[in-house]
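Notes for the structure review
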Amino acid sequence: DAKTTQPTSMDCAEGRAANLPCNHSTISGNEYVYWYRQIHSQGPQYIIHGLKNNETNEMASLIITEDRKSSTLILPHATLRDTAVYYCIVRVAGGSQGNLIFGKGTKLSVKP
Amino acid sequence: DARVTQTPRDKVTEMGQEVTMRCQPILGHNTVFWYRQTMMQGLELLAYFRNRAPLDDSGMPKDRFSAEMPDATLATLKIQPSEPRDSAVYFCASGLVASNEQFFGPGTRLTVL
């Protein structure tokens, strides 16, 4: 079973920030939070990951609460191309624990 | 722009036929994953290779599925005999052992009639 809980769907207006929440209350100390997304008819795409500090890259920002039991993925200026299913995944970093366990994800619809 | 490639992109076959799906991981990557995606089950890991050796294939039905890496540039997933319940999109992904990122291919859409 996936270790994360996400809303089934969300809407966001084009140009606005999209804030996608994820609960992971049973996360272990050595587990990271990863975000992937899957645009329709494509393979999943890595977005960002973090352990306990907030992270930012060219795609998004990741805010992790101090107790690490939840996090939020932020797309600062959503575009129509950001419409996708977003998956929040917790796992130990590196290849020794290789597989990603995908839950249902959040279907984000960016509207004009 | 390095990408994972998969062939064929679409495959329609009849029940009982053998199906072979191929994946070319990104050059230099030493981990390869096979996932299956259906509406009912979502994305599931089937098999995982590191340095061409199978590390985990517990998600794969052993009686009909087999996964191999004949060399570092080719991974194969074979179904024999295929059944209608095998209809799904099969994704291959590759990465580096020490990396946090898996790169997914475009998938093979399999339909078994």
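Higher on the page you've got the structure.
What counts, and where the lines are drawn
- Residues numbered from 1 in each chain as written.
- Chains lettered and ligands numbered in written order.
- Predicted model: local features only at pLDDT ≥ 70, side-chain atom pairs only at ≥ 80, totals over all residues.
- Heavy atoms only, no water.
- 1 Å grid on protein atoms, 1.4 Å probe; cavity = no way out; pocket = protein on both sides within 12 Å on 5 of 7 lines; lining within 4 Å.
- Points joined across faces, edges and corners; volume = space filled by probe spheres on them.
- Helix = DSSP H or I, 4+ residues; strand = E, 2+ residues; numbered from the N terminus.
- Nonpolar A, V, L, I, M, F, W, Y, C, P; charged D, E, K, R; others polar.
- Core = buried A, V, L, I, M, F, W, Y, C linked by side-chain atoms within 4.5 Å.
- Buried < 20%, exposed > 50% of the residue type's maximum accessible area, 1.4 Å probe, protein only.
- Contact = heavy atoms within 4.5 Å.
- Disulfide = S-S within 2.5 Å.
- Buried area = accessible area lost by both parts, 1.4 Å probe.
- Salt bridge = Lys/Arg side-chain N within 4 Å of Asp/Glu carboxyl O.
- Phe/Tyr/Trp six-rings, centres within 6.5 Å; stacked < 30°, edge-to-face > 60°.

Thoughts on the layout of surface pockets
Roughly 840 Å³ of internal volume is contained in the largest pocket. In terms of lining, the largest pocket is formed by 30 residues, of which the most central are Gln-38, His-40 and Tyr-87 of chain A together with Gln-37 and Met-39 of chain B. At the level of elements, strand S8 (84–92) of chain A together with strand S4 (31–38), strand S9 (88–95) and strand S11 (108–112) of chain B are the ones that each hand at least two residues to the lining of the largest pocket. It is S11 of chain B that contributes the most residues to the lining of the largest pocket, 4 residues altogether. Class assignment of the residues belonging to the lining of the largest pocket gives a composition of 10 nonpolar, 15 polar and 5 charged. There is about 530 Å³ of room inside the second largest pocket. Lining the second largest pocket are 25 residues, with Gly-43, Pro-44 and Gln-45 of chain A together with Phe-103 and Phe-104 of chain B sitting closest to its centre.

Side note on the nonpolar core
In this structure, Met-21, Trp-34, Met-60, Ala-67, Leu-77, Ile-79 and Tyr-90 of chain B are the most contacted members of the largest nonpolar core, which totals 22 residues. Elements that contribute at least two residues to this core include exactly strand S3 (19–24), S4, strand S5 (42–50), strand S7 (65–71), strand S8 (74–79), S9 and S11 of chain B. Ignoring any residue separated from it by four or fewer positions in sequence, one finds Leu-77 of chain B in contact with Val-19, Thr-20, Met-21, Trp-34, Leu-46, Met-60, Phe-65, Ser-66, Ala-67 and Tyr-90 of chain B. Core analysis: the next-biggest nonpolar cluster, separate from the first, contains 21 residues, Trp-35, Ile-64, Ala-84 and Leu-108 of chain A among them.

Description of the state of the cysteines
Under the definition given, this model contains 2 disulfides over all chains. The disulfide that involves Cys-22 of chain A links it to Cys-88 of chain A, with 2.1 Å between the sulfurs. Taking the sign of the torsion about the S-S bond as the criterion, the disulfide between Cys-22 of chain A and Cys-88 of chain A, at about -85°, is left-handed. Here Cys-22 of chain A, found in strand S2 (residues 18–23), pairs with Cys-88 of chain A, found in strand S8; they are 66 residues apart in sequence, far enough to count as distant. According to the relative accessible area criterion, Cys-22 of chain A is buried, its value standing at 2%. In this model, Cys-23 of chain B is linked to Cys-92 of chain B through a disulfide, with the two sulfur atoms separated by 1.9 Å.

So, the interface of chain B and chain A
Counting from both sides, the interface comprises 18 residues of chain B and, opposite them, 20 residues of chain A. Summing both partners gives a buried area of about 1500 Å² for chain B against chain A, and 49% of it is carried by carbon and sulfur. At the boundary of chain B and chain A, one finds 0 salt bridges. Those elements giving two or more residues to the side of chain B that touches chain A turn out to be S4 and S5 of chain B. Here the element with the most residues in the side of chain B that touches chain A is S5 of chain B; it accounts for 4 residues.

Regarding the packing of aromatic side chains
Centre distance and the angle of the planes are the two values used to describe a pair of aromatic rings. Evaluation of the coordinates by the stated rule reveals 11 aromatic pairs over all chains. Consider the rings of Tyr-36 of chain A and Phe-102 of chain A, whose centres lie 6.1 Å apart with planes at 75°: the pair is edge-to-face. Taken together, the positions of Tyr-36 of chain A in strand S3 (residues 31–38) and Phe-102 of chain A in the loop between S8 and strand S9 (106–111) put the pair 66 residues apart, joining distant regions of the chain. For the pair shown, Tyr-36 of chain A and Phe-102 of chain A are each scored as buried. Aromatic side chains Phe-33 of chain B and Tyr-48 of chain B sit 4.7 Å apart centroid to centroid with 5° between the ring planes, which places their arrangement in the stacked category. Taken together, the positions of Phe-33 of chain B in strand S4 and Tyr-48 of chain B in strand S5 put the pair 15 residues apart, joining distant regions of the chain.

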